[in-house]
Amino acid sequence: YALEAGTSGPPVETISGTYTVTIEYSDAEVGSLEEAKLKLYSWDGVQWIPEATSQVFTDTNTLVATPNHFSHWAVLGEPYYVYLPLVIRNH
């Protein structure tokens, strides 16, 4: 997502407060990610930075954040990890 603000002039680059971002998603879009660990991340030109105000509401499939800057944004998460027991047989 790219969030920008402006009028007929150049885009606004800084703001004095915050704004609210609400993103709805489906269970299919979450796929194999841990839904409770979804976060909104901003791109700083080098890496994705987690938005500290990011909150996920799994009961409504909604992600809400109140950032204080504009950026390119992404919803990222962590995959489920399944650890299987290791079985070693001596022949």
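Conventions used here
Residues numbered from 1 in each chain as written. Predicted model: local features only at pLDDT ≥ 70, side-chain atom pairs only at ≥ 80, totals over all residues. Heavy atoms only, no water. Pairing = 2+ DSSP bridges. Helix = DSSP H or I, 4+ residues; strand = E, 2+ residues; numbered from the N terminus. Salt bridge = Lys/Arg side-chain N within 4 Å of Asp/Glu carboxyl O. Buried < 20%, exposed > 50% of the residue type's maximum accessible area, 1.4 Å probe, protein only. Phe/Tyr/Trp six-rings, centres within 6.5 Å; stacked < 30°, edge-to-face > 60°.

Describing the pairing of strand β3 (residues 39-43)
So, step 1. Note that β3 and strand β7 (residues 71-76) share four bridges and pair antiparallel. When the sheet's bridge partners are listed, serine 42 is paired in β7 with tryptophan 73.
So, step 2. Summarising the sheet, β3 and strand β4 (residues 48-50) pair through three bridges and their orientation is antiparallel. Within β4, the residue paired with serine 42 across the bridge is isoleucine 49.
So, step 3. Between the end of β3 and the start of β4, which pair antiparallel, lie four residues, with glycine 45 showing a positive phi angle near 100 degrees.

Some details on the pattern of salt bridges
So, step 1. Under the counting rule described, the total for this entry stands at two salt bridges.
So, step 2. Between glutamate 34 and lysine 37 there is a salt bridge whose closest N-O contact spans 3.9 Å.
So, step 3. The partly exposed category is assigned to glutamate 34, whose relative accessible area is 22%.
So, step 4. A single salt-bridge network, built from bridges that share partners, covers Glu34, Lys37 and Glu78.

Remarks on the sheet that holds β3
Two strands in a sheet stick together by hydrogen bonds in their backbones, pointing the same way (parallel) or opposite ways (antiparallel).
So, step 1. Pairing is antiparallel in the open sheet, where four strands are placed in the order β1-β7-β3-β4. Every interior strand has two partners, whereas the edge strands, β1 (2-3) and β4, have only one.

Topic: the packing of aromatic side chains
So, step 1. Inspection of every chain in the model, using the stated rule, returns two aromatic pairs.
So, step 2. Ring geometry for tyrosine 19 against phenylalanine 70: centres 5.0 Å apart, planes inclined by 20 degrees, an arrangement best described as stacked. Here tyrosine 19, found in the loop between β1 and β2 (21-24), pairs with phenylalanine 70, found in the loop between β6 (62-65) and β7; they are 51 residues apart in sequence, far enough to count as distant.
So, step 3. Note on tyrosine 19: relative accessible area 18%, which makes it buried.

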